[in-house]
Amino acid sequence: MAFEVISRMESGDTAILTLIGELDAAAAPDLRREIELLASGDTVTRLVLVLEELSYMASAGLRALVFAKQKLGARVDLYLVGTQAPVVETIELTGFHRSVVMLETLELPGQATG
Amino acid sequence: MSTVSGRIDFYPTHNHEGYRMRAGDIFPFGATVAASGVNFSVFSSHATDCTLVLFKKGERDPLVEIPFPPEFRIGNTYAMTVFDLDVENLEYGYRMDGPWDPAAGHRFDPTKIVLDPYARVIGGRDVWGAGPEGDNPYQHRGRLAFDDFDWERDRPLEIPAEDLIIYEMHVRSFTRHPSSGVRNPGTFAAIREKIPYLKSLGVNCVELMPVYEFDEFEGHRPNPETGEMLFNYWGYSTVGFFAPKAGYAATGRLGMQVDEFKTLLKELHRAGIEVFLDVVFNHTAEGNENGPTISFRGLDNKTYYMLTPEGYYFNFSGTGNTLNCNNPVVRSMVLDCLRYWAAEYHIDGFRFDLAAILGRAPSGAPLNNPPLLETLAFDPVLAKCKLIAEAWDAGGLYQVGSFPAYGRWGEWNGKYRDTVRRFITSEAGVNREMAQRIMGSPDLYRDRGATASVNFVTAHDGFTLRDLVSYNEKHNYANGENNQDGANDNYSWNCGAEGPSDDPAIIELRGRLMRNALAILFTSQGIPMLLMGDEVARTQRGNNNTYCQDNELSWLDWRLLEENADQLRFTRLLTAFRHRHPVLRNRWHHSQRDYVGSGYPDLSWHGLRAWQPDWSPWSRMLAFMLCGRHARGGTVLDDYIYVAMNMHWEGQGFEVPRLPEPLSWFEFANTGIPGPQGICEPGEERRFENFPNLSLAPRSVAILVGKTPADREEQPWLSK
């Protein structure tokens, strides 16, 4: 299954990347490129990865998340939204859950709901 | 402004079948992801040629084989950077060309692909118990490690050695039992789920039995009685010294064992628990001349192994071969390895299996000043790591007390183990030696201090604590070696019936003996080590060598936490007591004199009469007192502690020494009282009413605390 990243900005400081399909070793560079693009500007303070439609993540995928965290630095909060159970497990087993905020749905703190 | 991308060394100079390369960096050895590609560096003292073999992950046949051009070779090293590799999906190995001349020590075979000894991730056996593929010519495969782990603010804890309480455990055994209730039994991740348990137990250091990649299928065979498969379960047989065992990681199938293990280490540190690795630098998984060629044998046999003049393998380890640790090349590898684990994994200490071998010359003769041991002792990276030797080997070199320590090395004190066992099983005339063991063995470690002594009654080798008091003989038939394996000198006693018993008197006696061992262990000077499960009376059904048992003989049954809740509580309160009382944790030996003007020696010996220890060859009673004003060499104020040990089969009355005003004695623990009444929370001790007469039940230990009757916080001179 192919991998797709859809990128959009919201309210100037929040970047939302929707990941669809399987994030395997071949796909990981696409994600890294998107992240590098975001990191080149300095307006982003929140990076939201919507993973509802991501069915699989290889180690390379997880590395891309690690890369995101390290590339964007402490000034940017990283949110993972709607992560599917097998992907959650991988993230927890490798300890990455400590570096991100895991959310069920796309309702960010400080953001009006509804 | 020039940028790094403009550097000339970022451009390839060579091409091989479409793969672009240039001369690589010799350091670091191994395969390293670099800005411009992957750098491969390997050495062999006797090879004539070297070829890098690259695979796409999991595929049987190589992607490409790239011979090292002569200009990429300096000295005996081969280094090459290969560009544009898919680092996530890469596996690599080497073909070494050179002489096949076993009599001269050379076993080069270019038909074989061999593993890089510096491989930092080893794939191919990613899931525990998933067997080798018969036709795969390259079973254990080098992969790349990514050093991008987020350690946050973690660093090694550097807990003072005298404050440690070590818990020796096997990664898989700890949680593999179905009763563990964890999501991924038998893994690094599962240990993480059990950190609250370790914390509540009061241990502040876990010593993990081997976690370097090993092959559980080495020497595997069915149990002749049951047909059940017997494995190389403990893993004292290394495939690669730089790689964590993939099969111990729930994420091994994803190749993420490094991250999972580091996460465990970070979380243990967060909980205040250090991590020691049990490292096996005495032999490898390649066995003798009939064993497989995995790595070292094919890479540089004569360098890595101790060989007889005829080219056969010396066998000081009892397992087929002996690593040639005092060859300078191998010595460097061992140093590189330990530095790597200390720096990259934040490991707090190392326990060296059969460490006496590390002091042997390439000829096998013991060295007076072994360069490897000296190097490790003075290394700047390892400077704060605890180094602990199992100070003997299978070749008859026994160095407990005489291991070349350079002021740095501690030892597994085998004499502590044996003396306590003889004492608690009521052997007469052990008092004098027992006194030495309780004091941190100054007879063995006079200039090295009490922390040179790792005190233990049980360890992975030998009986569990419960089996020590339930079996006179080992029962190792399940190992399929006709009960010939495992130690015969166990100093054990079955308390009247061999194995399980319904007799309430026997059950009670066994419980008391176990409590005696624990009480002595946690009030001795030195570093106490508890074997996994002894706190809940784990049994191996009399098997004293479960090295091949991946089953309930080895696994910790978590139902025992309830079944033996009293013993668990007893252990927890003892560790809490030890942490509370610095007087139990002196770094240096006691002088048995008063050097602070308290009127009491720092440590004094007593018998049935106060101040009159009985050193006669028939005595089984002994008591000691620690003066609280001498805690930590007189720098800290603590309570007084008095421990009376009656190993006689009849009850005895001890005269308790008088305390200075205004202190009085309080009773913390009495192993003669079964159940919860036999011990209390530290600080909530009951007043000892019958001073000076302490009546001790047969075979029991009492621990008293001398303190002010009022709350100690109210006493200005007893500042905390």
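It should be emphasised that the depicted structure is a prediction, and the values quoted were computed from it without experimental measurement.

A. Broad picture of the overall build of chain A. A count of helices and strands for chain A gives 3 helices and 5 strands. For chain A, the α and β elements follow one another from N to C terminus as β-β-α-β-α-β-α-β. Relative to the globule expectation of 13 Å for 114 residues, the C-alpha radius of gyration of chain A, 13 Å, shows essentially globular dimensions. When the backbone C-alpha atoms are referred to their principal axes, chain A occupies close to 30 × 30 × 25 Å. Looking at chain A as a whole, 31% of its 114 residues qualify as buried.

B. Seen up close, the overall build of chain B. Scanning chain B for helices and strands turns up 14 helices and 33 strands. Rg of the C-alpha trace for chain B: 28 Å, near the compact-globule value of 27 Å for 720 residues, within the 12% margin. Principal-axis analysis of the C-alpha atoms gives chain B an extent of 90 × 70 × 50 Å. Across the 720 residues of chain B, 54% fall into the buried class. Partitioning the intrachain contacts of chain B with sequence separation of at least 6 by distance along the chain shows that 71% fall at a separation of at least 24.

C. Spotlight on the pairing of strand β5 (residues 49–56) of chain B. Residue and element names in this part refer to chain B. Here β5 pairs with strand β9 (residues 90–97) via 8 bridges, running antiparallel. When the sheet's bridge partners are listed, valine 53 is paired in β9 with glycine 93. Both β5 and strand β6 (residues 64–67) contribute to a ladder of 4 bridges, which runs antiparallel. Bridge pairing links leucine 52 to isoleucine 66 in β6.

D. Spotlight on the interface of chain A and chain B. Opposite the 15 residues of chain A that make contact, chain B presents 16 residues. Going through the elements one at a time, α2 (59–72) and α3 (85–93) of chain A are the ones with two or more residues in the side of chain A that touches chain B. Per element, the largest residue contribution to the side of chain A that touches chain B is 7 residues, and it comes from α2 of chain A. Of the residues in the side of chain A that touches chain B, the class split is 7 nonpolar, 6 polar and 2 charged.

E. Region of interest: the sheet that holds strand β20 (residues 274–279) of chain B. All names here are of chain B. One closed barrel holds the 8 strands; their spatial order is β14-β15-β20-β21-β22-β23-β24-β25, and the pairing between them is parallel. Between one strand axis and the next, the sheet turns by 30 degrees as a mean value, whatever way the strands run. Here strand β23 (residues 409–412) pairs with strand β24 (residues 453–455) via 2 bridges, running parallel. Paired with tryptophan 412 across the strands is valine 454, a residue of β24.

F. A look at the sheet that holds strand β28 (residues 640–646) of chain B. Residues and elements named next belong to chain B. Read from one edge to the other, the open sheet built from 6 strands follows the order β26-β27-β28-β33-β30-β31, with strand pairing classed as antiparallel. If you trace the sheet from one side to the other, it starts and ends with β26 (603–606) and β31 (686–687), each paired once. When strand β27 (residues 621–626) meets β28, the two strands line up antiparallel, connected through 6 bridges. Looking at β28, one finds that phenylalanine 624 is bridged to valine 643.

G. A look at the packing of helix α8 (residues 414–424) of chain B against helix α9 (residues 431–438) of chain B. All names here are of chain B. Running from N to C, α8 and α9 cross one another at 130 degrees; their axes reach a closest spacing of 9 Å. When the axes of α8 and α9 are compared, the pair comes out oblique. Judged by the sense of rotation from one axis to the other, the crossing of α8 with α9 is left-handed. Judged by residue contacts, Lys415, Tyr416, Thr419, Val420 and Phe423 of α8 engage Glu433, Met434 and Arg437 from α9. Taken together, the residues of the contact of α8 with α9 break down into 4 nonpolar, 1 polar and 3 charged.

H. Spotlight on helix α5 (residues 296–304) of chain B. Residues and elements named next belong to chain B. The buried fraction of α5 amounts to 9 of the 9 residues, a majority that puts the element mostly inside the structure. Three or more residues of α5 are buried, namely Phe296, Arg297, Gly298, Leu299, Asp300, Asn301, Lys302, Thr303 and Tyr304. In the core, the buried residues of α5 are packed alongside β9, β11 (106–107) and α6 (328–345).

I. Structural detail: unusual backbone geometry. Residues and elements named next belong to chain B. Note the cis peptide between glutamate 661 and proline 662, where omega equals 0 degrees. Within the secondary structure, proline 662 sits in the loop between β29 (652–655) and β30 (664–670). Following phenylalanine 691, the chain continues into proline 692 via a peptide bond in cis, with omega recorded as 5 degrees. Structurally, proline 692 can be placed in the loop between β31 and β32 (693–696). The phi angle at aspartate 84 is positive, at roughly 60 degrees, despite the residue not being glycine. Residue aspartate 84 is classed as exposed on the basis of its C-beta count, with 11 C-beta atoms lying within 10 Å. Look at tryptophan 611: it is not a glycine, yet its phi comes out positive at around 65 degrees.

J. Broad picture of the confidence of the model for chain B. Across chain B, the average pLDDT comes to 95, with 98% of residues at or above 70. Throughout residues 712–720 of chain B the model reports pLDDT below 50, and contacts reaching past four residues in sequence, or to other chains, amount to 8 contacts.

K. Region of the structure containing the environment of isoleucine 165 of chain B. If you trace the backbone, isoleucine 165 of chain B turns up in the loop between β13 (141–143) and β14 (166–169). Apart from the residues lying within four places of it in its own chain, the contact partners of isoleucine 165 of chain B are Gly202, Val203, Asn204, Cys205, Pro528, Leu530, Thr575 and Arg578 of chain B.

L. Examining helix α7 (residues 371–378) of chain B more closely. Residue and element names in this part refer to chain B. Among all positions in α7, only Leu372, Leu373 and Leu376 are buried. All buried residues of α7 project into a common sector of 95 degrees when viewed along the axis, lining one side. Buried positions along α7 lie against α6, β22 (386–389) and β23.

M. Up close: the environment of glycine 706 of chain B. All names here are of chain B. If you trace the backbone, glycine 706 turns up in strand β33 (residues 700–707). For the pair glycine 706 and leucine 659, spaced 47 residues apart in sequence, the C-alpha separation works out to 7.1 Å. Those residues in contact with glycine 706 that sit more than four places away from it in its chain are Gly628, Asp639, Tyr640, Tyr642, Leu659, Leu663, Ser664 and Trp665.

N. How the structure looks around the pairing of strand β15 (residues 205–208) of chain B. Residues and elements named next belong to chain B. The alternating pattern of β15 places Cys205 and Glu207 and Val206 and Leu208 on opposite faces, both of which are buried. Inspection of the sheet shows β14 paired to β15 by 4 bridges, in the parallel sense. For methionine 169, the partnering residue across the bridge sits in β15 and is leucine 208. Alignment of β15 against β20, held across 4 bridges, turns out to be parallel. Within β20, the position partnered with valine 206 by the bridge is valine 275.

About the thresholds
- Residues numbered from 1 in each chain as written.
- Chains lettered and ligands numbered in written order.
- Predicted model: local features only at pLDDT ≥ 70, side-chain atom pairs only at ≥ 80, totals over all residues.
- Helix = DSSP H or I, 4+ residues; strand = E, 2+ residues; numbered from the N terminus.
- Rg over C-alpha atoms; globule rule 2.2 N^0.38 Å.
- Buried ≥ 20, exposed ≤ 12 C-beta atoms within 10 Å, placed from the backbone.
- Contact = placed C-beta atoms within 7 Å.
- Pairing = 2+ DSSP bridges.
- Nonpolar A, V, L, I, M, F, W, Y, C, P; charged D, E, K, R; others polar.
- Axes fitted to C-alpha atoms, helices over the stretch in contact; angles between N-to-C directions.
- Parallel < 35°, antiparallel > 145°, perpendicular 65-115°, else oblique.
- Left-handed = near helix turned anticlockwise from the far one by under 90°.
- pLDDT = per-residue confidence, 0-100.
- Arc of directions from axis to C-beta.

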